[in-house]
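Secondary and tertiary structure notes
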Amino acid sequence: MTLENISTNKSFGGWHKQYTHFSKTVQCNMRFAIFLPPQASANHKVPVLYWLSGLTCTDENFMQKAGAQRMAAELGIAIVAPDTSPRGEGVPDDENAAYDFGLGAGFYLNATEAPFDKHYRMYDYIVSELPALIEETFPVTQKRAISGHSMGGHGALTIGLKNADRYSSISAFSPICNPTQTPWGQKAFKGYLGDDRDAWNEYDACELLKRASTDLSILVDQGLSDDFLEKELKPERLEAAAEKHQTDLTVRMHEGYDHSYYFISSFIEDHLKFHAKYLT
């Protein structure tokens, strides 16, 4: 697989790099960013935190706004930030170019409804194709953690819960916890998956936790001034589902914080230290 390096920046002794490649999974060119800490070398491989961004975002939002590089460099953890959906000519979008469906809104699932089923296979891309590419190309181990924000928090929770053998820990900022019961999730699931509610449940963290326990530790941070908290996010339902199976879930509610990267940058170092306990 051919990788094209499109940008390189030194940061805290490590390197932030952007790459494009053709993805067989989503059938288009994809872009991702990677931060390699100074410890990473041919003789010393480092673990990886996969970060999944939210609606409208690309690989750039987290890498440019979260301020994660300093702590990642200190802890010796690589960070990989993929795009949030397939893109390019021929990739279908919402007919009204809405922000919450189509381009920039892949919801980290495998679509089954035409015309989205050809390209919108972000679940397989994140779980299989991208890690294989990262581990083949860069000085990293197979120790992985997963995190994300909003739609990406939904992705981190569901992917982590469904693949506990592939990840050491899960965290999320302001995740969409119960998407089968919220407007964002219902719109996306109907468009990508059709009317099969059983298929919807496979991408809902609350439904997954209701059915089975996990040994993975999970950290969730949520701002109490988040405009989407009551209508779209519903962390209280995740707590209730986790309690049923005594899942190791910590939900921290923060007075005054909203849905923005000001919130993420305030607590990202806590998440990196949380994952480091399990990665290193």
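Calculation rules
Residues numbered from 1 in each chain as written. Predicted model: local features only at pLDDT ≥ 70, side-chain atom pairs only at ≥ 80, totals over all residues. Heavy atoms only, no water. Core = buried A, V, L, I, M, F, W, Y, C linked by side-chain atoms within 4.5 Å. Buried < 20%, exposed > 50% of the residue type's maximum accessible area, 1.4 Å probe, protein only. Helix = DSSP H or I, 4+ residues; strand = E, 2+ residues; numbered from the N terminus. Contact = heavy atoms within 4.5 Å. Salt bridge = Lys/Arg side-chain N within 4 Å of Asp/Glu carboxyl O. Patch = residues over 30% accessible without salt bridge, like charges linked within 9 Å, V, L, I, M, F, W, Y side chains within 5 Å. Areas by Shrake-Rupley, 256 points an atom, 1.4 Å probe, with all protein chains shown as cover. Lys, Arg positive; Asp, Glu negative; His and termini not counted. Charge placed at Lys NZ, Arg CZ, Asp CG, Glu CD.

1. Digging into the nonpolar core
Counting residues in hydrophobic clusters, the biggest one holds 65 residues, and the most contacted among them are F32, F107, I134, I146, I159, Y192 and L238. A per-element tally of this core places helix α3 (residues 122-137) first, with eight residues. Beyond its immediate stretch of four places on either side in the chain, I134 contacts F32, I34, Y50, V80 and V140. Judged by nonpolar contacts, the second largest core, of 24 residues, contains F62, I79, F173 and L279.

2. A few points about the pattern of salt bridges
Close approach of charged atoms allows side chains with opposite charge to pair. Evaluated as defined, the whole model comprises 14 salt bridges. Taking the shortest distance from any N to any O, the salt bridge between E269 and R70 comes out at 2.7 Å. Here E269 is found in helix α10 (residues 261-279), whereas its partner R70 is found in helix α2 (residues 69-75), with 199 residues between them in sequence. Residue E269 is classed as partly exposed on the basis of its relative accessible area of 24%. Judged by its relative accessible area of 36%, R70 is partly exposed. Note that R211 and E202 form a salt bridge whose closest N and O atoms lie 2.9 Å from each other. Look at E202 and you get partly exposed, because its relative accessible area is 29%.

3. As for a negative patch on the surface
On the surface, a cluster of negative charge is made up of E230, E236, E239 and E243. Here the negative patch takes three residues from helix α9 (residues 235-244), the largest share from any one element. Within the element layout of this structure, E230 appears in helix α8 (residues 229-233). On the accessibility criterion, E230 (69% relative accessible area) is exposed.

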